[in-house]
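Okay, here's what each chain looks like letter by letter:
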Number of protein chains: 2
Amino acid sequence: MLDTYRECYRKDLLDSVVPFWLKHSLDHECGGYFTCLDRDGTVFDTKKYLWLQGRAIWMFARLYNEVERRQEWLDAATLGVEFIRKHMWDEKGRVYFSLTREGKPFFYQRKPYAAVFCMMGLLEYYKATGERVYFDEAVDLYWRIGEWVKNPALMDRPVLEGAPSLSNLANVMVLAGMTLELMPVHDDPRYLQVLQQAAEGVVRHYLPDRRILIENVPLSGERIDEWPEGRLFSPGHSIEVAWFLLHLLERLPDESLRRLALDAIEGSLEMGWDPEYGGLYYFMDIQGKPTLQLEASMKLWWVHTEAIYALVLAYTLTHEPRWLEWLERVHTYAYQHFADPEYGEWFGYCDRYGKVTHTLKGGSYKGFFHVPRSLLFSIQRLESA
Amino acid sequence: MLDTYRECYRKDLLDSVVPFWLKHSLDHECGGYFTCLDRDGTVFDTKKYLWLQGRAIWMFARLYNEVERRQEWLDAATLGVEFIRKHMWDEKGRVYFSLTREGKPFFYQRKPYAAVFCMMGLLEYYKATGERVYFDEAVDLYWRIGEWVKNPALMDRPVLEGAPSLSNLANVMVLAGMTLELMPVHDDPRYLQVLQQAAEGVVRHYLPDRRILIENVPLSGERIDEWPEGRLFSPGHSIEVAWFLLHLLERLPDESLRRLALDAIEGSLEMGWDPEYGGLYYFMDIQGKPTLQLEASMKLWWVHTEAIYALVLAYTLTHEPRWLEWLERVHTYAYQHFADPEYGEWFGYCDRYGKVTHTLKGGSYKGFFHVPRSLLFSIQRLESA
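Residues numbered from 1 in each chain as written. Chains lettered and ligands numbered in written order. Predicted model: local features only at pLDDT ≥ 70, side-chain atom pairs only at ≥ 80, totals over all residues. Heavy atoms only, no water.

Undergrad: So what about the overall build of chain A? Which residues, and what values?
TA: Per the secondary structure count, chain A includes 12 helices and 13 strands. Expressed along its principal axes, the backbone C-alpha trace of chain A runs to roughly 55 × 50 × 40 Å. Expressed as a percentage of the 385 residues in chain A, the buried residues total 65%. A sequence separation of at least 24 residues applies to 66% of the contacts in chain A between residues at least 6 apart. Roughly 14400 Å² of accessible area belongs to chain A as shown, and the carbon and sulfur atoms make up 49% of that amount. Computing the positive centroid from 43 side-chain charges and the negative centroid from 55, chain A places the two 2 Å apart. (Helix = DSSP H or I, 4+ residues; strand = E, 2+ residues; numbered from the N terminus. Buried < 20%, exposed > 50% of the residue type's maximum accessible area, 1.4 Å probe, protein only. Contact = heavy atoms within 4.5 Å. Areas by Shrake-Rupley, 256 points an atom, 1.4 Å probe, with all protein chains shown as cover. Lys, Arg positive; Asp, Glu negative; His and termini not counted. Charge placed at Lys NZ, Arg CZ, Asp CG, Glu CD.)

Undergrad: Kindly report on helix α11 (residues 321–337) of chain A, identifying the contributing residues and their values.
TA: A rise of 1.5 Å per residue sets the reference length of α11 of chain A, with its 17 residues, at 24 Å; its end C-alpha atoms lie 25 Å apart and thus fit the reference within 8%. Among all positions of α11 of chain A, only Trp323, Leu324, Trp326, Leu327, Val330, His331, Tyr333, Ala334 and His337 of chain A are buried. (Expected span 1.5 Å × (residues − 1).)

Undergrad: Just give me the short version of the interface of chain B and chain A, but keep the residues and values in it.
TA: In this assembly, 49 residues from chain B lie in contact with 49 residues from chain A. At the boundary of chain B with chain A, total buried surface from both sides reaches about 4100 Å², with 60% on carbon and sulfur atoms. When the area that chain B buries against chain A is broken down by residue, the three leading residues are Phe44, Pro290 and Leu294 of chain B, summing to 17%. On the surface where chain B and chain A come into contact, there are 2 salt bridges. In this structure, the salt-bridge partner of glutamate 229 of chain B is lysine 47 of chain A, at a minimum N-O distance of 2.7 Å. Where chain B packs against chain A, one counts 20 residue pairs in polar contact (both at pLDDT 80 or more). Breaking the side of chain B that touches chain A down by element, the ones donating at least two residues are β2 (43–45) and β5 (105–107) of chain B. (Buried area = accessible area lost by both parts, 1.4 Å probe. Salt bridge = Lys/Arg side-chain N within 4 Å of Asp/Glu carboxyl O. Polar contact = N/O pair within 3.5 Å; in protein donor to acceptor, adjacent residues only side chain to side chain.)

Undergrad: Talk me through the pattern of salt bridges; I want residue IDs and the actual numbers.
TA: Here the structure, examined in full by the defined rule, presents 76 salt bridges over all chains. Here lysine 11 of chain A ties to aspartate 15 of chain A by a salt bridge, and the two come within 3.7 Å at their closest N and O atoms. Of the two residues, lysine 11 of chain A and aspartate 15 of chain A are both situated in helix α1 (residues 2–24); the distance of 4 residues between them amounts to about one turn of the helix. Comparing lysine 11 of chain A with aspartate 15 of chain A, the two get one shared label, exposed. The closest approach of N and O atoms between glutamate 342 of chain B and arginine 39 of chain B, which form a salt bridge, is 3.2 Å. Pair noted here: glutamate 342 of chain B is in the loop between α11 (321–337) and β13 (349–350) and arginine 39 of chain B is in the loop between β1 (36–37) and β2, with a separation of 303 residues, a long-range link. What makes glutamate 342 of chain B exposed here is its relative accessible area of 60%. Judged by relative accessible area, arginine 39 of chain B falls into the partly exposed class, the value being 26%.

Undergrad: Can you break down unusual backbone geometry residue by residue, with the values?
TA: In this structure, arginine 211 of chain A is a non-glycine residue whose phi angle is positive, near 60 degrees. Taking relative accessible area as the criterion, arginine 211 of chain A reaches 21% and is therefore assigned partly exposed.

Undergrad: Could you give an account of helix α10 (residues 301–318) of chain A, naming the residues involved and the relevant values?
TA: Residue and element names in this part refer to chain A. End to end, α10 covers 26 Å across 18 residues, agreeing with the expected 26 Å (1.5 Å per residue, within 8%). For α10, a buried count of 17 out of 18 residues is recorded, marking the element as mostly surrounded by other parts of the structure. In the segment just after α10, histidine 319 is the residue with positive phi, at about 55 degrees.

Undergrad: Talk me through the confidence of the model for chain A; I want residue IDs and the actual numbers.
TA: On average, residues of chain A carry a pLDDT of 97, and 100% of them reach 70 or more. This prediction of the complex comes with two scores: 0.96 for pTM and 0.95 for ipTM. (pLDDT = per-residue confidence, 0-100.)

Undergrad: I'd like to hear about the relation of the copies chain B and chain A, residue by residue, with values.
TA: Placing chain B over chain A gives an RMSD of 0.0 Å and needs a rotation angle of 180 degrees, together with 0.0 Å of translation along the axis. Put plainly, the chains are arranged around a two-fold axis. For chain B, the minimum C-alpha distance to the rotation axis belongs to glutamate 295 of chain B and amounts to 2.9 Å. When the interface residues of chain B are mapped onto chain A, 100% of them again fall at the interface, so both copies present the same face. (Least-squares fit on C-alpha atoms with pLDDT ≥ 70 in both.)

Undergrad: Provide a residue-level description of the sheet that holds strand β4 (residues 98–99) of chain B, including the pertinent values.
TA: The strand order β3-β4-β5 (chain B) describes an open sheet built from 3 strands, whose pairing is antiparallel. Strands at the two margins of the open sheet, each flanked by one partner only, are β3 (48–49) and β5 of chain B. (Pairing = 2+ DSSP bridges.)

Undergrad: Run through the side chain of arginine 55 of chain B, naming residues and quoting values.
TA: Residue and element names in this part refer to chain B. Tracing the backbone shows arginine 55 in helix α2 (residues 50–66). Lacking a salt bridge, the buried arginine 55 has glutamate 240 as its closest oppositely charged neighbour, with an N-O distance of 6.0 Å. Those residues within four positions of arginine 55 in sequence are excluded, and the remaining contacts are Phe117, Tyr365, Phe368, Phe369 and His370.

The following block contains the structure:
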């Protein structure tokens with residue numbers, strides 16, 4: 001059984017997903033990666049989205065570091081690294097959201113995530129090459145991102161009187177994620193502190209009665225459940241943070257947090273799974289009220305890739321059969337609806353009924369990241385189990 | 001035939017739509033309007049969204065000005081006007097996007113539309129009351145919005161080297177829309193100039209071979225069709241701008257523009273109508289490439305209300321039967337899918353297949369505006385025809 005999954009993921013990763021991106025995504029002329037790719041790899045938007053530049057660098061370098069020292073993977077990472085280092089910075093040392101094909105700034109988003117993924121790309125590239133300059137840039141960016149998250153005005157996001165201080169699940173996760181990547185190569189006592197805070201942060205988002213992690217919780221005493229923001233649940237996000245937490249606990253063991261993480265995986269699957277049409281919802285309101293997100297009932301690829309890896313991880317940690325049952329269900333749904341053996345890679349977006357709504361394989365938010373990361377991590381867990 | 005429509009719209013407006021909002025939307029305690037209302041009117045978000053505050057003021061005052069001098073309509077408008085005048089401004093004289101229930105600033109959007117709709121509300125309220133202060137504030141805001149549109153840096157939207165100067169269809173439309181509302185009450189030769197520029201602006205967005213208006217066109221020679229932004233078509237928006245243009249032409253008659261506007265209505269319906277499941281799409285790519293909007297294939301209420309009024313207008317202007325055929329089709333779809341005779345008002349969001357995806361009657365973008373405006377304007381045209 002586990003061998004079947006492992007073989008499926010290995011074949012998918014190496015014969016379908018990686019070749020698709022290697023073939024269609026690299027912009028040898030201007031540097032960096034095209035990510036807006038139609039079903040067959042045709043570029044339908046030449047812009048360079050920095051979340052996805054950083055993520056693809058990270059992924060190519062990670063494959064090089066952990067699967068095989070293939071020169072073409074390192075070269076692909078180099079293509080991205082050189083591009084972002086030249087073009088990603090604005091005049092205040094922040095990172096743009098998107099660039100033109102040639103690297104001219106196109107859009108600035110008042111969020112830290114472009115910088116987060118570029119930091120991860122630089123760091124993984126350092127691990128591949130050993131060249132200190134990439135490490136230094138990554139660490140420098142890491143601390144600045146921490147400041148931006150603490151003080152959003154630094155990102156030009158005004159701090160407004162009516163907006164209470166919220167803890168946002170994405171921010172908790174990215175800070176922990178970057179830190180976990182840094183610790184194996186850099187000894188700094190502050191990292192453990194960041195992890196400790198992240199662990200406490202996750203707990204703040206946990207609803208014990210439902211066993212899920214919600215998106216936004218107040219940092220002080222306010223109640224925000226009269227707002228949709230305060231009732232928002234993203235099953236994929238909750239599951240992703242739960243497996244991040246399990247990774248974090250390797251550095252900071254804690255049995256009750258381990259139980260919380262496992263419960264969050266199961267609770268999120270139970271609440272997020274569509275009993276009528278299958279698949280996991282994108283967004284839900286925990287009180288069953290309407291969401292403001294129009295795309296809430298759609299089924300997105302990444303929600304399912306995160307669930308697959310979380311389930312592989314949960315099973316290999318516990319050997320409890322309940323995880324295998326869920327894995328079978330999610331795996332089957334994902335391979336029936338998202339995978340595209342004909343052209344390679346996965347589709348990204350289905351409607352509630354599971355019908356593909358967009359023929360694209362990559363866009364402004366889907367790149368060379370969630371599918372290969374989930375496949376790689378799953379293979380690695382299944383191999384070591 | 002026309003009598004049937006007129007009666008249907010009158011009944012819908014006065015017995016279903018207006019009572020729904022009067023009953024559920026007014027916040028007598030804190031002022032302003034709740035707009036996030038579930039199917040039965042239950043408030044699911046107490047925040048005050050300024051696009052929708054301005055639009056509701058405009059609508060209540062318009063009903064008072066043009067249907068009947070009902071005190072409760074004027075009172076409802078007053079409730080909004082007092083609220084926005086107290087709370088909408090940021091420290092730079094710009095308008096927030098959303099406020100808490102009490103009026104504290106919650107979010108600032110780098111766009112001019114909140115200000116546009118507040119300007120329209122103030123102006124219509126001036127027409128209802130004759131009190132000069134509202135007129136002065138509206139005119140002052142009008143000229144400032146013009147500056148913001150010309151120079152987005154004033155809205156904190158950085159002007160970036162890689163982002164070419166684009167004409168955006170929404171901006172063309174709102175400038176014309178505000179101007180058309182001002183002209184009956186204010187004699188200023190500059191208004192005609194603004195209309196002239198708006199008319200030229202619309203022409204720039206017109207694709208003669210497809211007979212549609214597209215969302216973004218370059219202001220100088222660049223080609224932007226390698227970007228999804230440059231290929232984006234919103235059928236509802238194209239139709240809405242076309243009827244705006246027909247209104248504009250009452251001030252600035254031009255036979256070829258009149259033909260263009262009518263062609264844009266027909267072309268947009270032909271390209272935007274879903275031949276398989278009926279209804280008009282939200283977004284399309286004119287080259288059939290994937291859109292970046294996940295909700296592109298959904299069917300939205302406002303797209304259909306704009307089509308209904310555009311068709312009533314086109315028919316009453318031309319008496320050509322082709323418009324009645326389309327009206328029958330759009331009207332039937334809209335009343336079968338969006339109207340909710342049980343609780344009043346319309347649903348807003350259906351999936352491609354016409355199934356309601358969100359039970360809400362109002363949200364952060366749906367308020368007391370598109371449905372009643374379309375019904376009122378249609379009734380008025382049908383009465384005068």
